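Overview (structure and organization)
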Amino acid sequence: NYTEGVKYTIMRILLMLGAGAMGVVCGKGLLWVISSVLPAKWYAVKTFLIDDRCGSVVAALTTAALLAPVFYDDGKKHAAYEDWDAMMVSVTHIIMLMVYFVPVVFYNPNDITKAVEFCYYIFYFPCRWLTDLFGCDIKVSAALGMSVILVIQLALYLVSYYGYKKKHPFSFKKPETSEEE
């Protein structure tokens, strides 16, 4: 059903954005809180925890971890009820990547206010580790970073989908028709 597919896609986009926000909270806020309660003599650990590279990796892992059960469960449900297949979910992932990537296309560091720069920093924080570690442009970082997260989600979906079909093959056999002469 077309409207169900649109609802599915919109909900997965909202989940991606929410998981990204939780990733930022964990990568920035939670690590900062943890580093603030560590003893002063653990300076190296504290510095590591509040570093953007560490926080960004934690944000990306948190985003992937929060999306993983959703797509794994989707694979089982779609296989069990024969609602959709991997093509619909692949299209959803492409649209999710486009929604995440499109704002960065308009990023111009020469013509930007501090408030907008801060918004870009927060929104693309889960992918910032690529910029910090490999010197990638923010556009490349956003595309590659979210692509890695979404490919992991699609792989989990496919493992779950085909695993369920393999585990329950009797549910997916076509009924044999009897030929009457």
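Residues numbered from 1 in each chain as written. Predicted model: local features only at pLDDT ≥ 70, side-chain atom pairs only at ≥ 80, totals over all residues. Heavy atoms only, no water.

**Concerning the packing of helix α3 (residues 52–81) against helix α7 (residues 138–167)**
Cut-off, in case you're wondering: With axes taken as lines fitted to C-alpha atoms, and helix axes fitted only over the stretch in contact, angles between N-to-C directions fall between 0 and 180 degrees. Comment: elements are numbered from the N terminus, with helices defined as DSSP H or I runs of at least four residues and strands as E runs of at least two. If an angle is under 35 degrees, it is roughly parallel; if it is over 145, roughly antiparallel; if it lies from 65 to 115, roughly perpendicular; otherwise it is oblique. A crossing counts as left-handed when the near helix is turned anticlockwise from the far one by less than a right angle, and as right-handed when that turn is clockwise. Polar here means any residue outside two lists: the nonpolar Ala, Val, Leu, Ile, Met, Phe, Trp, Tyr, Cys and Pro, and the charged Asp, Glu, Lys and Arg; Gly therefore counts as polar.
Where α3 contacts α7, the axes come no closer than 7 Å and their chain directions differ by 30°. When the axis of α3 is compared with that of α7, the two are roughly parallel. The handedness of the crossing between α3 and α7 comes out as right-handed. Classifying every residue of the contact of α3 with α7 by side-chain character gives 13 nonpolar, five polar and three charged.

**Looking at the side chain of R12**
Quick note on the threshold: Residue exposure (1.4 Å probe, protein chains only): buried if accessible area is under 20% of the type maximum, exposed if over 50%, otherwise partly exposed. Note on contacts: a residue pair is in contact if any heavy atoms of the two residues lie within 4.5 Å.
Within the secondary structure, R12 sits in helix α1 (residues 2–37). Assessed through its relative accessible area of 13%, R12 is described here as buried. Residue contacts for R12: discarding those within four places in its chain leaves V70, F71, D74, T92 and M96.

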